[in-house]
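Chain by chain, the residues:
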Amino acid sequence: MMVLKKSALTLIAAGLLGMGVANAAEQSMSFVSWGGTTQDAQKEAWADPFTDATGIKVLQDGPTDYGKLKAMVESGNVQWDVVDVEADFALRAASEGLLEPLDFNVIARDKIDPRFVSDHGVGSFYFSFVLGYNQKRSGDKAPQDWSALFDTTTFPGKRALYKWPSPGVIELALLADGVTPDKLYPLDLDRAFTKLDTIKKDIIWWGSGAQSQQFLASGEAAIGQFWNGRVHALMQEGASVGVSWKQNLVMADFLVIPKGAKNKEAAMKFLAQASSAAGQAEFANLTAYAPVNVDSVSLLEPDLASSLPTAHAADQITLDYAYWAKNGAEIATRWNEWLVK
Amino acid sequence: MKMAARPTPAANLAARASRAPTAQSHSGEQAVRWRGATYLLPALLFLGLFFLVPLLGLLLRGVLEPTPGLGNYEQLFASSAYSKVLFNTFAVASLVTLFSLLLGFPLAWAITLTPNGWGRWLLNIVLLSMWTSLLARTYSWLVLLQSSGVINSTLQSLGLINEPLAMVHNLTGVVIGMSYIMIPFIVLPLQATMSAIDPMVLQAGSICGASPLRSFFKVFLPLCRPGIFSGGLMVFVMSLGYYVTPALLGGAQNMMLPEFIIQQVQSFLNWGLASAAAALLILITLVLFYVYLKLQAESPVASSTAR
């Protein structure tokens with residue numbers, strides 16, 4: 001009896017051990033982003049090489065949903081290991097205790113542009129809001145900077161602006177009104193909304209990249225504020241659109257690890273891979289978004305390099321996401337009041 | 001997908017209401033009626049666990065987050081944006097209900113009047129449109145209505161207009177898109193009501209000398225009332241909670257409550273405020289539902305038994 005029991009136990013133990021071994025071989029983690037071509041490129045540039053190098057499988061999930069992230073952390077059942085989020089959210093979520101601090105022994109912080117790294121997040125990529133215009137609508141006049149948005153006599157037609165109260169629209173209104181880049185913050189909301197009032201009836205709002213492209217390419221909007229990668233894609237397809245990089249407004253996505261993530265160690269290694277010079281350059285070459293790693297610039301494809309924000313650094317204004325992380329909710333209240341007025 | 005699942009509870013409620021007891025009866029009959037109640041238990045348990053408990057949790061957040069108290073509600077009522085958003089929500093829901101009734105009524109009538117086989121075909125077409133993906137239908141409207149879209153370019157090439165008409169990214173777009181989506185929810189209950197009306201009643205009216213107009217308003221319309229009411233209420237309540245169509249066809253100026261709630265939940269993680277806004281939406285819906293039951297002659301809470 002005793003012997004039987006013992007052998008049964010051994011069997012069970014062996015079984016468990018076997019499973020343990022299998023688990024180690026099959027280790028996996030999840031990566032969450034916004035879907036579409038961006039996530040495809042992230043898979044190709046980061047996840048596939050990462051799996052080849054470490055044997056850790058990367059399960060693609062998405063789209064990013066801040067509400068879901070918060071719910072997971074609150075319930076203690078965190079299914080996501082690495083999440084691509086907007087920069088201001090990365091800072092805000094960190095201050096709310098929703099994120100794991102990063103291990104900079106694994107991730108090389110000194111190689112990352114200091115604008116795009118914090119204790120709880122490392123840049124995924126950065127991009128610019130640029131002035132895009134439909135050449136059929138603008139004729140032979142080329143708009144120069146954000147003030148063209150407010151010049152409805154020279155450039156008639158609808159203006160396409162980003163729908164959400166997040167960094168961008170307020171800043172461009174202030175710049176167009178003559179505020180110098182160094183005086184942008186703290187944001188003068190009254191002044192910005194007064195300026196925006198002058199074109200309010202001409203604004204159409206886009207909520208997604210695809211929608212913005214549809215507006216611009218169809219001529220539904222004559223001019224507007226766009227993500228540089230989206231305008232680049234339209235130009236590649238031969239649409240008659242133009243772009244001005246003057247006063248291009250820099251925004252970034254960050255990669256973060258939710259607090260209590262199940263595969264934290266693997267996630268740190270993944271972040272190291274994603275933010276490496278090679279990973280960042282590869283992703284930039286696939287998407288025309290800019291690398292956050294300072295060593296990546298020399299690895300960019302020469303004919304692409306000129307359409308990346310890295311080539312327009314002189315005209316660049318970096319949006320202050322720390323300011324937005326702190327004041328975003330209040331600005332949103334004012335924004336909504338103005339919007340529905 | 002959230003949207004696609006929505007009609008079911010509303011439809012069930014409406015259906016249940018119209019099947020409510022015909023008259024208040026004495027206790028013996030009442031006991032017999034409640035004997036079957038045990039069969040309800042699995043459904044009640046399911047609803048309790050997966051609907052009521054989470055709902056309660058949601059409502060609690062509104063008074064507990066970020067600090068316990070009524071701060072969220074104060075914030076809602078203090079903000080002029082919120083009252084405007086609430087107004088927008090009701091304005092859109094009312095307009096959509098009105099237009100889908102105006103369009104759905106003749107359609108339901110036509111379906112009822114056409115000889116059997118054809119009527120069923122018409123009904124199938126209505127159902128087919130209901131089963132097509134909401135997103136696909138919404139985007140189709142965008143293709144039709146936008147300033148470089150089918151309608152505008154046709155009108156312009158015919159020389160009827162010089163400037164494209166603004167039919168989308170504003171209130172017009174939302175009302176057109178949503179009325180279209182809501183028509184089946186008017187047609188189905190209304191058609192059921194109409195087909196149950198005995199044509200002899202109308203005939204009797206005209207024999208007694210009523211003009212066609214008079215028999216329509218005095219006989220036919222009152223008989224259609226249950227269908228108009230249940231369809232109209234369903235559409236109104238569904239419209240209050242609609243998100244996708246207003247987000248795509250509307251302008252930001254016409255923000256409705258669901259979009260406000262999503263902004264708070266997803267962008268600002270301000271769940272307390274979002275819960276408070278959601279609680280108000282639920283409260284308003286419940287009040288409306290109660291009023292509806294009051295007006296339905298056959299329902300147990302009706303104020304009068306007269307038709």
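Residues numbered from 1 in each chain as written. Chains lettered and ligands numbered in written order. Predicted model: local features only at pLDDT ≥ 70, side-chain atom pairs only at ≥ 80, totals over all residues.

The secondary structure content of chain A amounts to 13 helices and 10 strands. Taking the principal axes of its C-alpha atoms as reference, chain A extends roughly 95 × 45 × 35 Å. Within chain A, counting contacts between residues at least 6 apart in sequence, those at least 24 apart form 73% of the total. (Helix = DSSP H or I, 4+ residues; strand = E, 2+ residues; numbered from the N terminus. Contact = placed C-beta atoms within 7 Å.)

Check the secondary structure of chain B and you find 15 helices and 0 strands. Counting only residues that meet the buried cut, chain B has 31% of its 307 residues in that class. In chain B, of all internal contacts separated by at least 6 residues, the share reaching a separation of at least 24 is 76%. (Buried ≥ 20, exposed ≤ 12 C-beta atoms within 10 Å, placed from the backbone.)

Turning to the nonpolar core, a few remarks are in order. Formed by 157 residues in total, the largest nonpolar core has its most connected members in A:Val82, A:Tyr126 and A:Leu271. Here this core gets 11 residues from one element, more than from any other, and that element is helix H10 (residues 171-196) of chain B. Residues from two domains meet in this core; each of domain 1 (2-126 + 253-314) and domain 2 (128-251 + 318-340) of chain A gives at least three. Excluding anything up to four places from it in sequence, A:Leu271 contacts A:Val82, A:Leu102, A:Ile107, A:Val122 and A:Leu255. (Core = buried A, V, L, I, M, F, W, Y, C linked by C-beta atoms within 7 Å. Domains from an automatic or database assignment.)

With that out of the way, let us pick up the interface of chain B and chain A. Many descriptions give the size of an interface as the accessible area lost when the pieces come together. Taken together, the contact pairs 21 residues of chain B with 20 residues of chain A. Considering each element in turn, the side of chain B that touches chain A owes the most residues, 5 residues, to helix H6 (residues 80-113) of chain B.

Residues and elements named next belong to chain B. Model confidence for chain B is summarised by a mean pLDDT of 83, while 87% of its residues fall at 70 or above. The weakest mean pLDDT in chain B belongs to helix H1 (residues 2-5) at 40; the strongest belongs to H10 at 92. Scored below 50 in pLDDT, residues 1-24 makes 30 contacts in the model with residues more than four places away or belonging to other chains. Of the two predicted TM-score estimates for the complex, the pTM is 0.77 and the ipTM is 0.74. (pLDDT = per-residue confidence, 0-100.)

Another aspect to go through is the pairing of strand S5 (residues 121-134) of chain A. Residues and elements named next belong to chain A. S5 sits mainly inside the fold: 14 of its 14 residues count as buried. Note that strand S4 (residues 117-118) and S5 share 2 bridges and pair antiparallel. In the sheet register, Val 117 faces S5, and the bridge partner there is Val 122. Where S4 folds back onto S5 in an antiparallel hairpin, the turn is made up of 2 residues. (Pairing = 2+ DSSP bridges.)

This paragraph deals with the UniProt feature "transmembrane region" (unreviewed entry) in chain B. Mapped onto this structure's residue numbering, the UniProt feature "transmembrane region" (unreviewed entry) falls at residues 39-64, 85-109, 121-144, 165-188, 228-249 and 269-293 of chain B. From the first C-alpha to the last, residues 165-188 of chain B spans 33 Å; its make-up is 75% helix and 0% strand. (UniProt positions renumbered as here; feature names shortened; annotations may be inferred.)

The subject of this paragraph is the UniProt feature "domain: ABC transmembrane type-1" (unreviewed entry) in chain B. The feature "domain: ABC transmembrane type-1" (unreviewed entry), as given by UniProt, occupies residues 86-292 of chain B in the numbering adopted here. From the first C-alpha to the last, residues 86-292 of chain B spans 21 Å; its make-up is 81% helix and 0% strand.

All names here are of chain A. Relative to the elements of secondary structure, Asp 52 occurs in helix H2 (residues 36-54). Since 8 C-beta atoms lie within 10 Å of it, Asp 52 is described here as exposed. Residues Asp 52 and Gln 27, 25 residues apart in the sequence, show an inter-C-alpha distance of 13 Å.

Glancing now at the environment of B:Tyr290. All names here are of chain B. Within the secondary structure layout, Tyr 290 lies in helix H15 (residues 271-295). On the basis of neighbour count, Tyr 290 is assigned to the exposed category, with 12 C-beta atoms found within 10 Å. Tyr 290 sits 35 residues away from Met 255 along the chain, and the two C-alpha atoms are 27 Å apart.

Turning to the domain arrangement of chain A, a few remarks are in order. Residue and element names in this part refer to chain A. By domain assignment, chain A separates into domain 1 (2-126 + 253-314) and domain 2 (128-251 + 318-340). With centres defined by C-alpha atoms, the gap from domain 1 to domain 2 works out at 31 Å. Every contact between the two is made by 14 residues of domain 1 and, on the other side, 16 residues of domain 2. Of all the elements, helix H4 (residues 87-95) adds the most residues to the side of domain 1 that touches domain 2, at 5 residues. When its residues are assigned to classes, the side of domain 1 that touches domain 2 shows 6 nonpolar, 4 polar and 4 charged. (Nonpolar A, V, L, I, M, F, W, Y, C, P; charged D, E, K, R; others polar.)

Further remarks concern the pairing of strand S7 (residues 203-206) of chain A. All names here are of chain A. Burial along S7 is two-sided: Ile 203 and Trp 205 and Ile 204 and Trp 206, pointing in opposite directions, are all buried. Note that strand S6 (residues 159-162) and S7 share 4 bridges and pair parallel. If you follow Tyr 162 over to S7, its bridge partner there is Trp 206.

Here we take up unusual backbone geometry. Cis geometry marks the peptide bond from A:Gly62 to A:Pro63, where omega comes out at -5°. The topology assignment puts A:Pro63 in the loop between strand S2 (57-61) and helix H3 (66-75). Cis geometry is adopted by the peptide bond preceding A:Pro186, which originates at A:Tyr185 and carries an omega value of -5°. Despite not being glycine, A:Ala288 shows a phi value in the positive range, around 70°. With respect to the secondary-structure elements, A:Ala288 resides in the loop between helix H11 (277-287) and helix H12 (302-305). With phi around 65°, B:His169 is a residue other than glycine that occupies positive phi space. Assessed through the 26 C-beta atoms surrounding it within 10 Å, B:His169 is described here as buried.

Residues and elements named next belong to chain B. Where helix H11 (residues 199-207) meets helix H12 (residues 212-240), the axes come as close as 10 Å, and the angle between the chain directions of the two elements is 140°. Taken together, the axes of H11 and H12 lie oblique to each other. Here H11 and H12 pass one another in a crossing that is right-handed. For the pair H11 and H12, contact is made by Val 201, Leu 202, Gly 205 and Ser 206 and by Ser 215, Val 219 and Phe 220, respectively. (Axes fitted to C-alpha atoms, helices over the stretch in contact; angles between N-to-C directions. Parallel < 35°, antiparallel > 145°, perpendicular 65-115°, else oblique. Left-handed = near helix turned anticlockwise from the far one by under 90°.)

All names here are of chain A. Mean pLDDT over chain A works out to 89, with 93% of the residues at or above the 70 mark. Note on residues 1-6: pLDDT under 50 across the span, and 0 contacts to partners over four residues away in sequence or across chains. Contacts for the low-pLDDT stretch residues 14-22, under 50 throughout, to residues beyond four places or in other chains number 0 contacts.

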